[in-house]
Amino acid sequence: MNRSRCVCCSSLSRLLSSRVVLATLLAASVCGGSAAEPSARPDILIADFERADYGDWTTTGEAFGPGPARGALPDQMAVEGYLGERLVNSFFNGDGSTGTLTSPPFRIERRYLQFLMGGGMHPGQACMNLVLDGQVVRSATGPNDRPGGSERLDWQQWDVGEFGGLEARLQIVDSATGGWGHINVDHIRLSDRPLPGLLTNVARAFTVEGRYLNLPVKHRAPKRRVRLEIESRVVREFEIELADAAPDFWVFLDLGPFEGRRGALVVDRLPEDSKALDAIDQTDAFRGADGLYREPLRPQFHFSSRRGWNNDPNGLVYYRGEYHLFYQHNPYGWDWGNMHWGHAVSTDLVHWRELPIALYPMAYGDWAFSGSAVVDARNTGGFKTGSEEVLVAAYTSTGRGECIVYSNDRGHSWTEYAGNPVVKHEGRDPRLFWHAPTGRWCMAVYDEFRGGRWIAFYSSPDLKAWTFHSRIEGFFECPDIFELPVDAQAGRGADAGNAASKWVLTAASSAYRLGQFDGRVFTPETPMLPGHRGESFYAAQTYSDMPDGRRVQIGWGQMATPGMPFNQMMTFPCELSLRTTDDGVRLCWQPVRELERLRARKHTFDPRALEPGDNPLANLNIDLHETRIEANPGSASALRLSVGGIDVIYDAVARELICKKHRAPLRLRDGRMSLRVLTDRTSIEIFGNEGEVYMPIYRPPELSGTRSVGLLAEGGVARVLSLEVNELKSIWLQAQEGGAGSAAAASTPVMR
Ligand code: FRU
């Protein structure tokens, strides 16, 4: 059932009195007349700044650089709101540089001169001037005159009707050298049609009757600040690139908690001709749910969020049959922002079911940044209320500090601890763990002590009162720390008997140090060692409270999915181990054994001598797969495995694994090396020599449809000792036929 209602029409008779209450016209310089002139002629483009140079515009000084910039320049915040690929950006060499950029003469042949402008508000110093006969007759600046602010460009216009037919020049000036001492300009045009005025605080009232409020998004449209009020109380507030006309995609706001209640959606600024509010509706299945997980760039055996953006995995914890995967989530946009904790669960680490959002920002702009979760089986915090063990999570609430939340319903809903924040410092990303020898909770947390990059260690008897102990420098964001046996048998984790163990201390980049941890201080025994050897892998975290002692890690897969209603993904869960190699003890990554559940058709090949030109995999035409090879390079100089349009090369001369620009040493053991590669729509994950090298790689959209596979020897004959290709099943579409993580299940109301 997919009931669709326009919120402004729903229950119209009951709501007439409260419909569209707050709309006011913003009296800004941009507001022109009302309707378009019926006889409007086509616009005249003065400049779109899409070329690498300024053409016949002339510069002085250095502020404008050699030509239009491709977005932000080094050390500049993200620049948004310009059209096309380039814009004028006088931040070249920072705010200190100065200069001018002047147009050739042009004739004023329309009533309005319109342009996109951003940057500093320094009249006369960082501005654009309209110059007639050597006189400045109009001038405009960007919006920023104090720290903070935004690099967004917005439309402005001048009514130049009085200068009709005259010749003019535009002069963009940057003589400002302090904060916001730059100006950004794009897309200058003459038009008969005035820009639409902007309405402020536009409201739509409605009664909550559907599960989801569907919101239209246009990627790169100006961000609007939207709030949902339920019975006059603000319950949600966020930024969204609302589509004023046709959307790129739809996102949803979960109305589940507000069923049957009166609400209003209020948008801070909207062009008077915007269709956005009219388009918003309520439904029981969110818009697009029928095509969910069938999108062309949807990872098929990696988790990605139904809608919106994900970054770091958070709060990875196992409890009573469920692996929880919380994650940094923007439910309302394709890019980072509005940080929430999204939530998914799995019963096998492979199939995921997305649940309602677990943590909402506490207030507008006070976002829920990364953190971790544990089972407080001893109820040390006293948060337990029922028969279930209590789960406790720590996260960074950006306006407050490190905060605690707890759950008495198996991690499905969370309550703020009244004594928050529990730690206040310059930093973020608390990692909780139990330290058995001292019988205390520990927190490893990223700390910007004296402007440096540290991990700080705290301990606590009850997860509420924390004592600082020590810090170690050289780690950035998202710390993780755990103890692992050395050379234990894979899959046995902590049950590995009396094997010597080491502590692994790591952070967002996945580089790590080995050492010992006594509950207060980490004592390193190695320098920083490289973690993954590929790309697009960041901010990984390992599971707490695993039932079998395995140490399983999931990372943020920074795999962009342009054109999709979602963006990014999680990497495939890997079991970590410490193994003695020729270089010493090293961390190794192996896909969790549950991967086997996804295996479909298996293609095996007999051991063979691989001559140059032979391709034993030539007949394969497959989408999702796991490819495994063990080989002795023999006289070949290289072995080239092609999967998903990407070449994975073993350079037998350099003894290196190579993919794209990434290289990592891969030694022969007993004359052989092994490769295992997982191929999904937007990624490949390479495991060399059973995970001694872990190389995650982005698979760009133009390769996502490549189904051929290849294995070639170059420069000589290689000996293939074993070769198999396992086609893999989708975790989503297979599940739709009735399994655990079904898309259908994902869109039905879930216990909270
Ligand atoms: C790492 C990170 C964390 C932070 C989060 C915000 O990717 O920057 O340090 O908590 O992302 O989304």
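Residues numbered from 1 in each chain as written. Predicted model: local features only at pLDDT ≥ 70, side-chain atom pairs only at ≥ 80, totals over all residues. Heavy atoms only, no water.

Next up on the list: the nonpolar core. Counting residues in each nonpolar core, the largest one holds 49 residues, and the members touching the most others are Trp352 and Tyr543. If you list the elements that add at least two residues to this core, you get strand S21 (308-319), strand S22 (322-330), strand S33 (480-485), strand S35 (512-517), strand S37 (537-542), strand S38 (552-557), strand S41 (574-581) and strand S42 (584-591). With 34 residues, the next largest nonpolar core counts Ile622, Met673, Ile686 and Ala713 among its residues. (Core = buried A, V, L, I, M, F, W, Y, C linked by side-chain atoms within 4.5 Å. Buried < 20%, exposed > 50% of the residue type's maximum accessible area, 1.4 Å probe, protein only. Helix = DSSP H or I, 4+ residues; strand = E, 2+ residues; numbered from the N terminus.)

Ordered in space as S25-S26-S27-S28, the 4 strands form an open sheet in which the pairing is antiparallel. The strands lining the two open edges of the sheet, one partner per strand, are strand S25 (368-376) and strand S28 (415-416). Sheet topology places strand S27 (residues 401-407) next to S28; 2 bridges connect them, and they run antiparallel. Paired with Tyr406 across the bridge in S28 is Thr415. (Pairing = 2+ DSSP bridges.)

With that out of the way, let us pick up the environment of His425. By the element assignment, His425 lies in the loop between S28 and strand S29 (427-435). Separated by 262 residues in the primary sequence, His425 and Phe687 have C-alpha atoms spaced 39 Å apart. Not counting the four nearest positions on each side in its chain, His425 is found in contact with Glu402, Val445, Tyr446, Asp447 and Tyr458. Engagement of the side chain of His425 in a polar contact is seen with the side chain of Glu402, the distance being 2.6 Å. At 2.9 Å, the side chain of His425 and the side chain of Asp447 are in polar contact. (Contact = heavy atoms within 4.5 Å. Polar contact = N/O pair within 3.5 Å; in protein donor to acceptor, adjacent residues only side chain to side chain.)

We now examine the site of the ligand. In the vicinity of the ligand lie 13 residues, with Asp312, Gln328, Trp336, Arg428 and Asp429 positioned nearest. Between Glu477 and the ligand, the recorded distance is 2.9 Å, taken from a side-chain N or O atom to an oxygen atom. Protein contact buries 92% of the 310 Å² of open area that the ligand shows by itself. Listing elements by their share of the shell around the ligand, those giving two or more residues are S21, S25 and S29. (Near = heavy atom within 4 Å. Areas by Shrake-Rupley, 256 points an atom, 1.4 Å probe, with all protein chains shown as cover.)

Moving on, we come to the side chain of Ser510. Structurally, Ser510 is set in the loop between strand S34 (501-506) and S35. Discounting residues that sit within four places of it in the chain, Ser510 has contacts with Gly531, His532 and Phe537.

On to the sheet that holds strand S32 (residues 467-473). In space, the 4 strands of this open sheet follow the order S29-S30-S31-S32, with antiparallel pairing throughout. For this open sheet the edge positions go to S29 and S32, each flanked by a neighbour on one side alone. Along the sheet, successive strands turn relative to each other by an average axial angle of 25 degrees, direction set aside. The sheet contact formed by strand S30 (residues 440-447) and strand S31 (residues 454-460) spans 7 bridges and is antiparallel. (Axes fitted to C-alpha atoms, helices over the stretch in contact; angles between N-to-C directions.)

Attention shifts here to the domain arrangement of the protein. Domain annotation for the protein reports domain 1 (27-191), domain 2 (198-290), domain 3 (309-591) and domain 4 (601-734). Put simply, the middle of domain 3 and the middle of domain 4, counted by C-alpha atoms, are 32 Å apart. Across the contact, 26 residues belong to domain 3 and 27 residues belong to domain 4. For the pairing of domain 3 and domain 4, the buried interface totals around 2300 Å² over both sides, and the portion due to carbon and sulfur atoms is 57%. Counting across the interface, domain 3 meets domain 4 through 3 salt bridges. A salt bridge links Arg667 to Asp583; the shortest N-O distance between them is 3.3 Å. (Domains from an automatic or database assignment. Buried area = accessible area lost by both parts, 1.4 Å probe. Salt bridge = Lys/Arg side-chain N within 4 Å of Asp/Glu carboxyl O.)

Quick look at empty space enclosed by the protein now. Tallying each qualifying case throughout the model produces 5 cavities of 30 Å³ or more. Forming the walls of the largest cavity are 14 residues, and the residues nearest its centre are Phe252, Arg306, His329, Pro331 and Ile357. Within the residue set of the lining of the largest cavity, elements represented by two or more residues are strand S18 (249-254) and strand S24 (353-359). If one sorts the elements of the lining of the largest cavity by residue count, S24 sits on top with 4 residues. Of the residues assigned to the lining of the largest cavity, the class counts are 9 nonpolar, 1 polar and 4 charged. Split by domain, the residues of the lining of the largest cavity number at least three in each of domain 2 (198-290) and domain 3 (309-591). (1 Å grid on protein atoms, 1.4 Å probe; cavity = no way out; pocket = protein on both sides within 12 Å on 5 of 7 lines; lining within 4 Å. Points joined across faces, edges and corners; volume = space filled by probe spheres on them. Nonpolar A, V, L, I, M, F, W, Y, C, P; charged D, E, K, R; others polar.)

Our next topic: the side chain of Ser704. As for its placement among the helices and strands, Ser704 is situated in the loop between strand S52 (693-698) and strand S53 (709-714). In contact with Ser704, other than residues within four places in its own chain, are Leu297, Arg681 and Arg699.

Between Asn420 and the following residue, Pro421, the backbone shows a cis peptide bond with an omega angle of -5 degrees. Residue placement: Pro421 occurs in the loop between S28 and S29. Positive phi values are uncommon outside glycine, yet Arg410 reaches one of about 65 degrees. Secondary-structure assignment places Arg410 in the loop between S27 and S28. Residue Arg410 is classed as partly exposed on the basis of its relative accessible area of 23%.

Of all 6 residues making up S18, 6 are buried, and the element is well covered by its neighbours. Where burial is concerned, the two faces of S18 agree: the one with Phe249, Val251 and Leu253 and the one with Trp250, Phe252 and Asp254 are both buried. The pairing of strand S15 (residues 212-217) with S18 spans 6 bridges and is antiparallel. Looking at the pairing, Tyr212 lines up with Asp254 of S18.

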